[in-house]
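The primary structure of each chain is shown beneath.
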Amino acid sequence: MQSFLLFSPEVMAARNAGLPVVALESTIISHGMPYPQNVQTAREVEQIIRDAGAVPATIAIIDGKICVGLNDEQLERLGTAQDAIKVSRRDLAYVLSQNLLGATTVAATMICAELAGIEVFVTGGIGGVHRGAETSFDISADLQELAGTNVAVVCAGVKSILDIGLTLEYLETQGVPVVSVGQPGFPAFFTRESGFKADFQLDAPEDQAAFIRTKWQLGLDGGVVVSNPVPAESAMPKEEIDRITEQALKEAAAQGVTGKAVTPFLLARIKELTEGRSLVTNIALVKHNALVGARLAVALNGNA
Ligand code: PSU
Ligand code: MN
């Protein structure tokens, strides 16, 4: 498996020097945000991580390799390509073996991060149990990945396009701890509160690191969700986002959108219906997660 990995010079140097590394996904670039904000945000997020004392490693599948750390040209290619494939666990071997361009989801990025020996991964929001999953069976592969892959995932919770309560039930069944940062509540991506509580509130990076290290030392394999609410000044008004989410969900159903197309469709439609304000919120929360993730990576590195 290691032969599929291709490290950028920056990430390779960090590994050799034993510096903390933070993984970043690429579906958020190719399918989660429009150009050029996607590429610009990716670069800014990387810089936030560097400024906090860690090294960013954006992960994507390019020319038959799992690229860990991307250069400017590769980021630009992912941000503009019309043929980038959204790669989750089931797609990984296909895209690698056929030399296709692949953007990794939370699930696939976790797999690649673990292979690369990276313990912390920063994203916007994880996938979850979709509303109506009792008939559609639409449950993101991200949740099953969290059950078995040893990576801490820093996110702003799950979007209210999902069934947040059922997502938390699924994680509980799979033994995935949900930590919150700065508040007891589990956040809802565009807003700070979902109405559900996280399992454990751990504000200090050292405490988060001690918890995660203990879990893995016990042999309790699997990820940890580190949920970090969007900064208050960047949150969307709850009534507005709820109303628009309902509308986008209805449109998705009416247009017969299914499978892996659902999440990108909803994100793009919510952005249109909020006249771009959801994108501003999305960018702000990813940047905040980058800071929290970098601090966690630094703390975990000191707790090896
Ligand atoms: N949440 C976002 N933006 C995104 C995604 C999630 O705010 O772009 C992406 C992530 O890559 C996540 C994926 O892993 O969507 C989940 O897709 P699905 O629901 O099809 O599993
Ligand atoms: Mn799905």
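Given the structure is predicted, the values throughout are model-derived calculations rather than measurements.

The subject of this paragraph is the UniProt feature "active site" (unreviewed entry) in the protein chain. The residues that UniProt annotates with the feature "active site" (unreviewed entry) are Glu25 and Lys159. Of the residues named above, Glu25 line the largest cavity. Inspection of the secondary structure assignment puts Glu25 in the loop between β2 (21-24) and α2 (27-32). The exposure class of Glu25 is buried, given its relative accessible area of 8%. Setting aside its immediate chain neighbours within four residues, Glu25 contacts Thr58, Ile59, Thr104, Thr105, Val106, Thr109, Phe121, Val122 and Thr123.

Attention now moves to the pattern of salt bridges. Two side chains bearing opposite charge may form a pair once their charged atoms approach each other closely. Tallied over the entire structure, the rule returns 14 salt bridges. Of the charged contacts, one joins Asp91 and Lys260 as a salt bridge, the two residues approaching to 3.9 Å between their closest N and O atoms. Here the residue Asp91 occupies a position in the loop between β5 (85-87) and α5 (92-97), and Lys260 occupies one in the loop between α11 (238-254) and α12 (262-273), the gap between them amounting to 169 residues. The buried category is assigned to Asp91, whose relative accessible area is 10%. A relative accessible area of 35% places Lys260 in the partly exposed class.

Now for the site of ligand 1. The environment of ligand 1 is formed by 15 residues, the closest being Glu25, Ser140, Asp142, Lys159 and Thr263. At a separation of 2.8 Å, an oxygen atom of ligand 1 approaches a polar side-chain atom of Lys86. For ligand 1, the accessible surface in isolation is 470 Å², of which the surrounding protein chains cover 94%. In this structure, ligand 1 is accommodated by the largest pocket. With 3 residues, the single largest contributor to the shell around ligand 1 is α2.

Our focus in this paragraph is the environment of Val154. By the secondary structure assignment, Val154 is in strand β8 (residues 152-155). Expressed as a C-alpha distance, the spacing of Val154 and His288, which sit 134 residues apart in the sequence, is 9.9 Å. Setting aside anything within four residues of it in sequence, one finds Val154 in contact with Val120, Phe121, Val122, Thr123, Val226, Asn289, Val292, Gly293 and Leu296.

Take helix α6 (residues 106-115) next. An α-helical segment advances 3.6 residues per turn. Residues three or four places apart therefore align on the same side. For α6, the buried fraction is high: 8 of the 10 residues fall into the buried class. You can read the cap of α6 off the contacts: a side-chain oxygen lies 3.3 Å from the backbone nitrogen of Ala107, and it is on Thr105.

Now for the UniProt feature "binding site: Mn(2+)" (unreviewed entry) in the protein chain. Those residues carrying the UniProt feature "binding site: Mn(2+)" (unreviewed entry) are Asp138 in this numbering. Beyond its immediate stretch of four places on either side in the chain, Asp138 contacts Gly128, Val129, His130, Ala133, Gly259 and Val262.

So, on to the packing of aromatic side chains. Counted under the stated rule, the structure contains 2 aromatic pairs. Between Phe189 and Phe190 the ring centres are 4.8 Å apart and the planes differ by 85 degrees, which places this aromatic pair in the edge-to-face class. For Phe189, a relative accessible area of 2% translates into the label buried. Between the aromatic rings of Phe200 and Phe211, the centroid separation amounts to 5.7 Å while the plane-to-plane angle is 55 degrees, which identifies the pairing as tilted. In this pair, Phe200 is assigned in strand β12 (residues 200-201) and Phe211 in helix α10 (residues 205-217), connecting sequence segments 11 residues apart.

Let us now look at the pairing of strand β10 (residues 185-188). Two elements, β10 and strand β11 (residues 191-197), share 3 bridges in a ladder whose sense is antiparallel. By the bridge assignment for β11, Phe186 is matched with Phe196. What sits between the antiparallel neighbours β10 and β11 is a turn of 2 residues, in which Phe189 has the positive phi angle 65 degrees.

How each quantity is defined
- Residues numbered from 1 in each chain as written.
- Chains lettered and ligands numbered in written order.
- Predicted model: local features only at pLDDT ≥ 70, side-chain atom pairs only at ≥ 80, totals over all residues.
- Heavy atoms only, no water.
- UniProt positions renumbered as here; feature names shortened; annotations may be inferred.
- 1 Å grid on protein atoms, 1.4 Å probe; cavity = no way out; pocket = protein on both sides within 12 Å on 5 of 7 lines; lining within 4 Å.
- Helix = DSSP H or I, 4+ residues; strand = E, 2+ residues; numbered from the N terminus.
- Buried < 20%, exposed > 50% of the residue type's maximum accessible area, 1.4 Å probe, protein only.
- Contact = heavy atoms within 4.5 Å.
- Salt bridge = Lys/Arg side-chain N within 4 Å of Asp/Glu carboxyl O.
- Near = heavy atom within 4 Å.
- Polar contact = N/O pair within 3.5 Å; in protein donor to acceptor, adjacent residues only side chain to side chain.
- Areas by Shrake-Rupley, 256 points an atom, 1.4 Å probe, with all protein chains shown as cover.
- Sits in = over half its atoms within 2 Å of the grid points.
- Phe/Tyr/Trp six-rings, centres within 6.5 Å; stacked < 30°, edge-to-face > 60°.
- Pairing = 2+ DSSP bridges.

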